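Close look at the chain arrangement
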Amino acid sequence: DGDESEFEPTIDCPHCGPRAQAEFTYERTADSVVPLDSAPDDAMRTLFTRTNPRGVDEEIWRHSFGCRAWMVLTRHRVTNEISAVRPVGPEALP
């Protein structure tokens with residue numbers, strides 16, 4: 001009878017399993033992470049002159065209302081289909 005929860009998108013948290021997307025917070029695309037030792041010009045270029053693809057992209061999300069873990073989602077920006085989720089660690093970021 002109009003139960004909207006069955007249509008709510010889910011994200012498969014690597015620690016908690018499938019959870020409602022509303023529990024997560026989008027942070028940024030993975031290619032916008034600036035290494036601490038970047039020169040200021042390189043940092044500005046990385047932050048402000050990135051591409052904005054319509055297809056598949058890697059994004060950093062946080063399970064804000066759950067385990068609070070960070071993760072990288074591979075998500076299609078048009079269809080919102082999530083094809084992969086992995087926990088964030090030093091090896092996950094550029």
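Here the structure is a predicted model, which is why all the values come from computation and not from measurement. (Residues numbered from 1 in each chain as written. Predicted model: local features only at pLDDT ≥ 70, side-chain atom pairs only at ≥ 80, totals over all residues. Heavy atoms only, no water.)

So, about the overall build of the protein chain. Along the protein chain, the regular secondary structure elements total one helix and six strands. When the helices and strands of the protein chain are read in sequence order from the N terminus, they spell out β-β-β-α-β-β-β. Each of the 94 residues in the protein chain was classed as buried or not, and the buried ones make up 23%. A sequence separation of at least 24 residues applies to 43% of the contacts in the protein chain between residues at least 6 apart. When the accessible surface of the protein chain is totalled, it reaches about 6500 Å², and 52% of it is carbon and sulfur. (Helix = DSSP H or I, 4+ residues; strand = E, 2+ residues; numbered from the N terminus. Buried < 20%, exposed > 50% of the residue type's maximum accessible area, 1.4 Å probe, protein only. Contact = heavy atoms within 4.5 Å. Areas by Shrake-Rupley, 256 points an atom, 1.4 Å probe, with all protein chains shown as cover.)

When you line up the elements, Arg50 lands in the loop between helix H1 (40-48) and strand E4 (56-62). A relative accessible area of 35% places Arg50 in the partly exposed class. Residues Arg50 and Asp31 lie 19 residues apart in sequence; the distance between their C-alpha atoms is 7.8 Å. Residues contacting Arg50, with those up to four places away along its chain left out, are Thr29, Asp31, Ser32 and Arg45.

To describe a pair of aromatic rings, one takes the distance between the centres and the angle between the planes. Taken as a whole, this structure holds one aromatic pair when the rule is applied. Relative to Trp61, the ring of Tyr26 lies with its centre 5.7 Å away and its plane at 80°, an arrangement referred to as edge-to-face. Taken together, the residues span a long stretch of sequence, with Tyr26 in strand E3 (residues 25-29) and Trp61 in strand E4 at a distance of 35 residues. Taking relative accessible area as the criterion, Tyr26 reaches 36% and is therefore assigned partly exposed. Overall, Trp61 belongs to the buried group, its relative accessible area being 7%. (Phe/Tyr/Trp six-rings, centres within 6.5 Å; stacked < 30°, edge-to-face > 60°.)

By themselves, these are just geometric observations and shouldn't be taken as functional.
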